[in-house]
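Take a look at the letters that make up each chain.
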Amino acid sequence: MANESPADEIPSRYDASQSDPALYQAWENGGVFRAEASDSKRNGGPADPYVIVMPPPNVTGVLHMGHGLNNTVQDVLIRWRRMCGDTALWVPGTDHAGIATQNVVEKLIAKEGKTRDDLGREAFLKRVEEFVAEKGGVILKQLRAIGASADWTRTAYSFSPELSRAVREIFVRWYEDGLIYRGHRVTHWCSRCLTALSDEEAESHPAQGLMYHIRYLLVGDASKSIVVATTRPETLFGDVAVAVNPADERFTAFIGTRVINPANGLEIPVIADDYVDKEFGTGALKITPAHDANDFEVGKRHKLAMPIILDPHGMVAEGADAAGRVPAPYAGLDRFDARKRVAKDLDKAGAMVKTEQHHNAVRRCYRCDTVVEPRLSDQWFVKMAPLAAPALAAVKDGRIRILPERWEAVYVNWMENIRDWNISRQIWWGHRVPVFYCLSPKAGCPAHFASRDDAPRCPGCSGGTRQDNDVLDTWFSSQLWPFSTLGWPDKTPDLGAFYPTDVLVTAPEILFFWVARMVMSGMYVTRSEEKPEGVVPFHSVYLTGTARDAQHRRMSKSLGNGIDPLDVVALYGADALRWTVIAGMGIGTDLLLDHEHIDQSFAPGRNFATKLWNIGRFLLLQVGAEPVKPVASLSPHELISADHWILARIDAAVAASNAALGPPRPRDGGAWSDSEHKLGLRLDEYAESARAFVWNDLADWYLEHAKTRLAPGHPERETARAVLVHAFDQALRLLHPVMPFVTETLWQKLPGRGADEWLAQAAWPSRGGHGDAKAAAAFDAERAGATAIREIKSQYGIPHSQTVQATMTGSAVLEHLFKYPDFVQKASGATLVAPDQIREETAARRILPNGIEVLVALDGIVDFAKEREKLGTELTELTKQLGALRGRLGNEKFTSKAPPAIVEAERAKEAEWAARAEQLASKLQSLGSA
RNA sequence: GGGCGAAUAGCUCAGUUGGUUAGAGCACCUGCCUUACACGCAGGGUGUCGGGGGUUCGAGUCCCUCUUCGCCCA
């Protein structure tokens, strides 16, 4: 190496693993992510608040691609608004995740051969707490690795004393308002988790099963019988009736008679009920009130017994009201074994008419995938209809928008058909239901009461009480997140400053679990005289897509097709991960990542980070560390066309980015208007417009152009330095929300950077208006000219390094070009000569859309057939289009009916195309004669 | 079964109230180590806008219908 370039002193690759962790630490130490309640306009401060509450991951969870995707979106929004001058608050936290965490610990102690009952409630809870203390919160550290700029000083935990107080507060209020009640009904029961579940927690899965047709003989006349169809013959022990539709003539004679339950020999009545569908199955239905929600309703109407014939573990057993209903051989059988056994025995006894394949849906526990059993029990419910009404209205009138919009219909549909929410769980890990029972109830003592205190006295007799054993659904505490994390029920400065929040970013599958319930509870707790309906907790819900593999399968542990975000960070850097996530995810579209080729999946992000790095490297080497003049201080005559051009491009990029990111909040502060309802949150479009500016405008053209002027001693060096540094500075600002690490690292190195300045807190670019459009057009002509010469050279296989002679004719802007030919010459590998220096008969040519003709001297190698073909194809195409255009303009209906502006534009187009066609035709003619 | 949505380049998707010769990224093809970057540069568009019908001066865009696929809730 004779001449070692100074570039070798700075590596040509950005090493994220080297600098990112320290940079993150510096941000955090510098309080960059901290939001002050006193800064919020709502507390008399100077800035608009912009608030996002992070969907709390399970406290013992670890980061997966879903988190990576979701939190990157949130971080982009928060960083964007922070730079825009808002008091941007991102509230992080974790969820105690009742069933999920309890399951994990139960598995742990199972390895020691123990169950939770062996330990007892207190010891078990201590064990869970220890586990959480040891393993919990890992995910919050992992979120830092991907650059999440959350305000960690406000980290919340759904099971903390503060948030537990909020849980108890709303429970008591709802209880006292009559919105929480004790219900005796059929709910979903998980026989593995040993708890009841809400409708939402029992997920429907399509299944293929058997439909059993079973004969029930008529009491007193065995020649007559009714055939009943069921998919669950093991529940026959719980049958208390056979029901038929009163209008079904096939069975009219049976109504009021009794039939024999073939499974246990008991006599049961035949009843008539409109619920029975004549078309379904055999038209006759067995009624098992304790093990089917619909049968329960039928049972209530007809005042039937409701025997429970399955124990909590899903074993056949004589439960409440079931004495004498389960014959001995079946007792203790697992429900699925019992199903086979019953079917077999009925078959033997001649009661099984037939079995057939049947499609149906089976509900499974969302935490352990066990098929849930409908089972009659006493549970705590929230009455939803009164809460749903305002929450429904908020979406309908635009106070809340849901993007993508189609989810609004889903939300509305759910709200309109809402069912009461079972909130009690028979597990131990969670907020204990704050309902108490008098230990020695007398007349005047309430059956139960809710209390904010841990050990209240009975309000009737002042005697001792015991607390309900159940705990609350995890989602009961999650629903409070937008206000419980800010201090509610106290009127804290934070609550005043930051509620309502702005955007909620989450996955569609928890729209009902979480989002809808936050709306309902948030509106409930903020009801006031001025706002009787309450205040919506956020104005926008952004539902992200799902991370999927190349075959469009959802990424999952069991499929082994996941990608660990931390692996990606280690290999390519957090910026590469973030870029890929943002650029690849349009609104509502899934993120497709190939787990078998993660290099390919993340290369675009990594490559772009490297590109930025190298732009910075060039800049630092060529521009030096000396301060530059502010662009605003440069007088217009100092700027040349390229400067005007890049300044105009910056403005265009800023405008495009702003449009893509959209209005941060509804303009009138209330509801979204129809015109802005769908605007913004197009993060992929923002990323792409910023990328295109940096790469295709700044690096490909302006930076190349600046090389000459940056030469030491060049008279325009200072101007070029100033504009280039300005342009790159703006570019880094524009890109910072997506690629915070590499942009901050480079920004810190820019000339004139003061101490304690952070890009993360720097101002978002605003449109400067410095670029003069007319001056910029001259540079466009240069670019077009250079491109045309390159194209000709490429077509004739002439390497870039081989210089050719070229010229241009036909436009006033060319004056400028011949005065400053350096750039076009360098960019295209050509020497620009006067038009008369090139003989037409030895030249290849292009005719640019603006009428400029480019000629490249190709003595001896120009291929006229090729030239004719090229021009000819273009002319043919243009003639065709022009014909259509003229047809339109000649059509009186068009000219009279279309808006004048459109007609005018079409006429202008016609003139332009005609001129071009003429130019092409004339060149073609001269080529033909050559 | 009820509700909602989608179908545009090889892949993933834009295409705003009907109005340029339908676009982008990735992939792909050709050439190039042009001293910031080969994780790069230059050049190249590869399309019956799912099929059929209709409304309109004009349809990728609106309506009807068929086909295929997806999502939510039962």
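For the structure given in this document, a descriptive report is provided here.

Reading guide: rules and limits
Residues numbered from 1 in each chain as written. Chains lettered and ligands numbered in written order. Predicted model: local features only at pLDDT ≥ 70, side-chain atom pairs only at ≥ 80, totals over all residues. Heavy atoms only, no water. 1 Å grid on protein atoms, 1.4 Å probe; cavity = no way out; pocket = protein on both sides within 12 Å on 5 of 7 lines; lining within 4 Å. Points joined across faces, edges and corners; volume = space filled by probe spheres on them. Nonpolar A, V, L, I, M, F, W, Y, C, P; charged D, E, K, R; others polar. Phe/Tyr/Trp six-rings, centres within 6.5 Å; stacked < 30°, edge-to-face > 60°. Buried < 20%, exposed > 50% of the residue type's maximum accessible area, 1.4 Å probe, protein only. Lys NZ or Arg CZ within 6 Å of the ring centre and 35° of its normal. Pairing = 2+ DSSP bridges. Helix = DSSP H or I, 4+ residues; strand = E, 2+ residues; numbered from the N terminus. Near = heavy atom within 4 Å. Polar contact = N/O pair within 3.5 Å; in protein donor to acceptor, adjacent residues only side chain to side chain. Axes fitted to C-alpha atoms, helices over the stretch in contact; angles between N-to-C directions.

Approximately 820 Å³ is the volume found for the second largest pocket. Around the second largest pocket sit 31 residues that line it, and Tyr499, Pro500, Lys531, Val535 and Val536 are the ones nearest its centre. Here the residues of the lining of the second largest pocket are counted per class, giving twelve nonpolar, nine polar and ten charged.

All chains considered together, the criterion is met by 29 aromatic pairs. Measuring from centroid to centroid gives 5.5 Å for Tyr24 and Phe33, while their planes differ by 50°, and the two rings are tilted. Per residue, the accessibility class of Tyr24 equals that of Phe33, and both read buried. Counting every residue linked through ring pairs, the aromatic cluster contains Phe171, Trp174, Tyr175, Trp380, Trp421, Phe476 and Tyr524. A cation sits over an aromatic face here: Arg81 above Tyr50, 5.9 Å from the ring centre. Here Arg753 stacks its cationic end above the ring of Trp747, 3.5 Å away from the centre of that ring.

So, about the sheet that holds strand S16 (residues 421-422). Strand pairing in a sheet is mediated by backbone hydrogen bonds. Such pairs are either parallel or antiparallel. Spatially, four strands are ordered S6-S5-S14-S16 in an open sheet, and the strand pairing comes out antiparallel. Only two strands of the sheet have a single neighbouring strand rather than two, namely strand S6 (195-197) and S16. For strand S5 (residues 180-190) and strand S14 (residues 373-382), the ladder comprises ten bridges, and the chain directions are antiparallel. In the sheet register, Arg182 faces S14, and the bridge partner there is Trp380.

Around RNA strand B sit 43 residues in total, of which Thr610, Arg617, Trp695, Lys897 and Trp913 are the nearest. Counting only atoms of RNA strand B within 4 Å of the protein, the sugar-phosphate share comes to 65%. Contact distances for RNA strand B include 2.6 Å between a base nitrogen and a side-chain N or O atom of Arg13. Trp695 places a polar side-chain atom, nitrogen or oxygen, 2.6 Å from a phosphate oxygen of RNA strand B. Sorting the residues of the surface near RNA strand B by element identifies helix H11 (406-416), helix H18 (598-623), helix H20 (683-709), helix H23 (773-795), helix H26 (864-890), helix H27 (892-897) and helix H28 (900-929) as the ones contributing at least two each. At nine residues, the largest contribution of residues to the surface near RNA strand B is made by H20. Across the surface near RNA strand B, the residue classes tally to 15 nonpolar, eleven polar and 17 charged.

This brings us to the sheet that holds strand S26 (residues 804-809). Across the sheet, four strands lie side by side as S27-S26-S29-S28; this open sheet has mixed pairing. Where the open sheet ends on each side, the last strands, each with one partner, are strand S27 (830-832) and strand S28 (843-847). Across the sheet, the mean angle from the axis of one strand to that of its neighbour is 30°, orientation sign disregarded.

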